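# Descriptive structure summary
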Amino acid sequence: MQLQSYYWIGATVPASDRDAMDRLFDVHLPAIQRKEALAKLLTSDSVVARGIALDFYCISNANLRFGNEPMIDDTIDAAVRASAIRELERPPYERAEVDAKPRRGANHASALGALSHNADPADALMLARVLRENDDEHVLQEGVNAAEPVLRGEPAHADLVAVLLDISGRQGLDPRIRAGAIAAIGGSVDEEVVPLLSRSLADPE
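Presented here is a report on the structure given in the accompanying data block. (Residues numbered from 1 in each chain as written. Predicted model: local features only at pLDDT ≥ 70, side-chain atom pairs only at ≥ 80, totals over all residues. Heavy atoms only, no water.)

## Notes on the overall build of the protein
Rule in force here: Where helices and strands are cited, they refer to DSSP runs of H or I of at least four residues and of E of at least two residues respectively, numbered from the N terminus. Computation of the radius of gyration draws on C-alpha atoms, with the globule rule given as 2.2 Å multiplied by the number of residues to the power 0.38. We call two residues in contact when some of their heavy atoms are within 4.5 Å. Values of accessible area rely on a 1.4 Å probe in the Shrake-Rupley scheme; residue burial ignores everything except the protein chains shown.
Counting its secondary structure elements, the protein contains 10 helices and 0 strands. What you see in the protein, going N to C, is helices and strands ordered as α-α-α-α-α-α-α-α-α-α. Compactness check: the protein gives a C-alpha radius of gyration of 18 Å against a globular reference of 17 Å for 205 residues, within 12% of the reference. The principal-axis extents of the C-alpha atoms in the protein amount to approximately 55 × 35 × 30 Å. A separation threshold of at least 6 residues defines the contact pool for the protein, and within that pool the share at least 24 residues apart is 64%. With the model as given, the accessible surface of the protein reaches about 10000 Å², and the carbon-plus-sulfur share is 53%.

Below, the structure written as structure tokens:
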């Protein structure tokens with residue numbers, strides 16, 4: 001079985017979750033059986049199993065651009081959103097593998113990636129907190145990606161805008177992450193963000 005994951009390559013899946021993991025990645029099984037396996041893994045006691053399940057959901061969403069994706073429906077969307085929120089209520093997870101990317105916060109990276117497909121304006125305060133708890137670029141990238149739909153067409157959430165503004169000004173951070181933070185702020189409908197956007201244009205990066 002070849003696991004597909006963004007942030008859990010090389011991690012060990014507990015024996016108690018291997019059967020569900022096998023069924024999830026078995027493309028020969030009916031979609032309903034694979035969805036049952038996904039739902040089970042989303043509530044696993046293992047952070048690795050939960051993270052792989054969240055990553056699988058993100059990969060499946062990416063496949064939607066090629067047509068129908070039988071693994072995605074309203075029930076799965078709701079289960080994934082609930083799992084992502086629970087994960088973000090936990091502290092950043094420290095992986096033991098020396099070559100893990102990210103080493104710290106892989107659970108948040110997976111959860112933020114999934115949440116970006118099911119974001120709600122009510123997530124703003126939680127998202128601001130999680131962004132402050134993490135400094136790995138993988139996590140920050142997923143965080144600014146999730147912030148964009150949270151702020152899009154909404155009044156500026158002061159706490160989330162503040163942390164995004166801080167990220168956008170961090171010298172040495174990947175310019176794509178900094179630009180993503182500004183783009184997320186720019187999605188707000190508040191006039192008060194206009195000066196912030198104007199100042200960002202002075203940054204050569």
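Having seen it, we continue.
## Considering the packing of helix H8 (residues 158–168) against helix H9 (residues 175–186)
Condition: Fitted lines through C-alpha atoms give the axes, limited to the stretch in contact for helices. The angle between two N-to-C directions lies from 0 to 180 degrees. Angle categories: roughly parallel below 35 degrees, roughly antiparallel above 145, roughly perpendicular from 65 to 115, and oblique for all the rest. For a crossing to be left-handed, the near helix must be turned anticlockwise from the far one by less than a right angle; the clockwise case is right-handed.
For the pair H8 and H9, interaxial distance at closest approach is 8 Å and the crossing angle is 150°. Looking at the two axes, H8 sits roughly antiparallel to H9. Like other packed secondary-structure pairs, H8 and H9 cross with a definite hand, here left-handed. Residue-level contacts link Val-161, Leu-164, Leu-165, Ile-167 and Ser-168 of H8 to Ile-177, Arg-178, Ala-181, Ile-182, Ala-184 and Ile-185 of H9.

## Let's talk about the packing of aromatic side chains
Here is the rule: Within 6.5 Å between ring centres, the rings of Phe, Tyr and Trp (the latter by its six-membered ring) count as paired, and their orientation is classed by plane angle as stacked under 30 degrees, edge-to-face over 60, tilted in between. Think of it in three bands: with a 1.4 Å probe and only protein chains considered, a residue is buried below 20% of the maximum accessible area for its type, exposed above 50%, and partly exposed in between.
Counted by the stated rule, this structure contains 3 aromatic pairs. Consider the rings of Trp-8 and Tyr-93, whose centres lie 5.9 Å apart with planes at 40°: the pair is tilted. One end of the pair, Trp-8, is in the segment before helix H1 (15–24); the other, Tyr-93, is in the loop between helix H4 (74–88) and helix H5 (106–115), and 85 residues separate them in sequence. Classification of Trp-8 by relative accessible area gives buried; the value is 2%. With a centroid separation of 5.3 Å and an interplanar angle of 85°, the aromatic rings of Phe-25 and Phe-56 are classed as edge-to-face. Highlighted residues: Phe-25 in the loop between H1 and helix H2 (31–42) and Phe-56 in helix H3 (residues 47–63), separated in sequence by 31 residues.

## Describing unusual backbone geometry
Between Lys-101 and Pro-102 the backbone carries a cis peptide bond, its omega angle lying at 0°. Of note, Pro-102 is situated in the loop between H4 and H5.

## Some thoughts on the environment of Ala-179
On the secondary structure map, Ala-179 appears in helix H9. Residue classification places Ala-179 among the partly exposed residues on the basis of a relative accessible area of 44%. The sequence separation of Ala-179 and Val-144 amounts to 35 residues, and the corresponding C-alpha distance is 9.3 Å.

## Regarding the packing of H3 against H4
Spelled out, the test is: Here the term charged refers only to Asp, Glu, Lys and Arg, the term nonpolar to Ala, Val, Leu, Ile, Met, Phe, Trp, Tyr, Cys and Pro, and the term polar to all other amino acids, Gly among them.
With their axes 11 Å apart at the nearest point, H3 and H4 run at an angle of 135° to one another. In terms of axis orientation, H3 runs oblique to H4. Considering how the two elements wind past one another, H3 and H4 form a crossing that is left-handed. Facing Val-47, Arg-50, Leu-54 and Tyr-57 of H3, the residues of H4 in contact are Ile-76, Asp-77, Val-80, Ser-83, Ala-84 and Glu-87. Among the residues making up the contact of H3 with H4, the classes are represented as 6 nonpolar, 1 polar and 3 charged.

## Topic: H3
Put simply, the test is: By this rule, a helix spans an expected 1.5 Å times one less than how many residues it contains.
Given a rise of 1.5 Å per residue, 17 residues ought to cover 24 Å, and the 24 Å separating the end C-alpha atoms of H3 matches this to within 8%. Most of H3 is tucked away: 15 of the 17 residues are buried.

## Points about the pattern of salt bridges
To keep it simple, the criterion reads: The salt bridge definition used is simple: a Lys or Arg side-chain nitrogen within 4 Å of an Asp or Glu carboxyl oxygen.
For the structure on display, the rule yields 12 salt bridges. Two residues, Asp-73 and Lys-35, come together in a salt bridge whose shortest N-O distance is 2.7 Å. You can see Asp-73 sitting in the loop between H3 and H4 and its partner Lys-35 sitting in helix H2, a full 38 residues away along the chain. Here the salt bridges share partners, and the residues they tie into one network are Arg-50, Glu-87 and Arg-90.

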